[in-house]
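Next come the chains, spelled out residue by residue.
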Amino acid sequence: MTIHRFLAGTALAFAAMSAMPAAAQDCDRQCLIDLSDKYVAALATHNPKAVPLADSVKTVENLKRIKPGEGLWASTTSGATDFVIHVPDPVSQQVGIMAVMGGAEKKPVLVGIRLKLTGGKIVEAEHIIGNALTDGQLANLQTPRPALLREVPYEYADSRGRMIWLGKSYYDALDNGNSQQSAMADDCERRENGFQTARNPMVRQSGGGNGQTDPAFAYLGGLGCAAQMDTNMWEYISRIENRRVEIADPVTGLVWGMSHFHHDFTKQDFALIGVPGVPVRHMEYKPFDMPAIHIYKVWGGKIHEIEAVGLTTTYNSPTGWEN
């Protein structure tokens, strides 16, 4: 082959390549944040066409498969308030957003949304709409806790792999009642649906829906995340399934975890360890499930803050992702 023929062939090859459509670029961190905001805004305007949904997009809302235009696409009455937390992850091409927005009948709801992209298109969308909120819960959902949104200084930042492990380990520690299976800081504070359930010494809880006061929880609620686990207070959780910890943002130290809690309540009495004056916690509940999202704030190798949203639903419900 002469040099002229080689150059001519090379030129034709480059011409053919330039005529091909450009491959979709991965979404970077800011792109994912912007997309999640755009998605929430599109929900409020009931306009699925405002976001890049794949033709084959799968959407699950509160464990049920829905189509674009259904669920939150129809029921949302206003966009996000000042309570918004983003967890973008360019590595997995996923983003989570937790926000308070207007739900049915214009009542505020706490919502967690996970989006997964392939080729620049949303191929999975997952919505969790939390239980109805009281005024007290809403008081804790005006704006995110400042620590959740702060960027982690380089000296305290953890690798994405370490962050993913911490998110996974929390479920192990919770399921097994052993804080040593994870790493939680002494200052770890947890809020669930806006209700502070760790490091809250003033908390009182109604017991079992029978109007009685749970004497144990007034003490247990004041403990930190790790100390609570070591009292055996979470024994009533039968099992935690559908665990997915795939989203982490090393910039803010936030990890996004999804799970499905089952509570069979085949018994009502649960032994406690180290709770003054209360050796046994009595709980009269019917069996139920709780699909949930946990956002973990991680720095210095430990979990410091947890923000969660969950939904009470029928025991042994399917996940919505079975097929």
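Here, the structure is the one placed above.
Residues numbered from 1 in each chain as written. Predicted model: local features only at pLDDT ≥ 70, side-chain atom pairs only at ≥ 80, totals over all residues. Heavy atoms only, no water.

Draft legend 1. Quick look at the packing of aromatic side chains. Throughout the structure, instances matching the rule amount to 12 aromatic pairs. The interplanar angle of 80° and the centroid separation of 6.3 Å between the aromatic rings of Y171 and Y296 together place this pair among those described as edge-to-face. Here Y296 lies in strand β15 (residues 288–299) and Y171 lies in helix α6 (residues 160–176), a separation of 125 residues in the sequence. Just as Y171 is buried, Y296 falls in that class too. Here F265 and F270 contribute two aromatic rings whose centre-to-centre distance is 6.2 Å and whose plane-to-plane angle is 85°, an arrangement assigned as edge-to-face. The exposure classification of F265 matches that of F270, with both residues buried. One aromatic cluster is present, formed by W234, Y236, F265, F270, Y285 and F288 through successive ring pairs. (Phe/Tyr/Trp six-rings, centres within 6.5 Å; stacked < 30°, edge-to-face > 60°. Helix = DSSP H or I, 4+ residues; strand = E, 2+ residues; numbered from the N terminus. Buried < 20%, exposed > 50% of the residue type's maximum accessible area, 1.4 Å probe, protein only.)

Draft legend 2. Representation of the pattern of salt bridges within the structure. In this structure the tally under the stated criterion is 15 salt bridges. Two residues, R29 and D249, come together in a salt bridge whose shortest N-O distance is 2.9 Å. You can see R29 sitting in helix α2 (residues 29–44) and its partner D249 sitting in strand β11 (residues 239–249), a full 220 residues away along the chain. For R29, a relative accessible area of 25% corresponds to the partly exposed category. Look at D249 and you get buried, because its relative accessible area is 2%. We note a salt bridge from E189 to R191, for which the minimum N-O separation is 3.0 Å. A network of salt bridges, in which partner residues are shared, links R145, E189, R191, E305 and E307. (Salt bridge = Lys/Arg side-chain N within 4 Å of Asp/Glu carboxyl O.)

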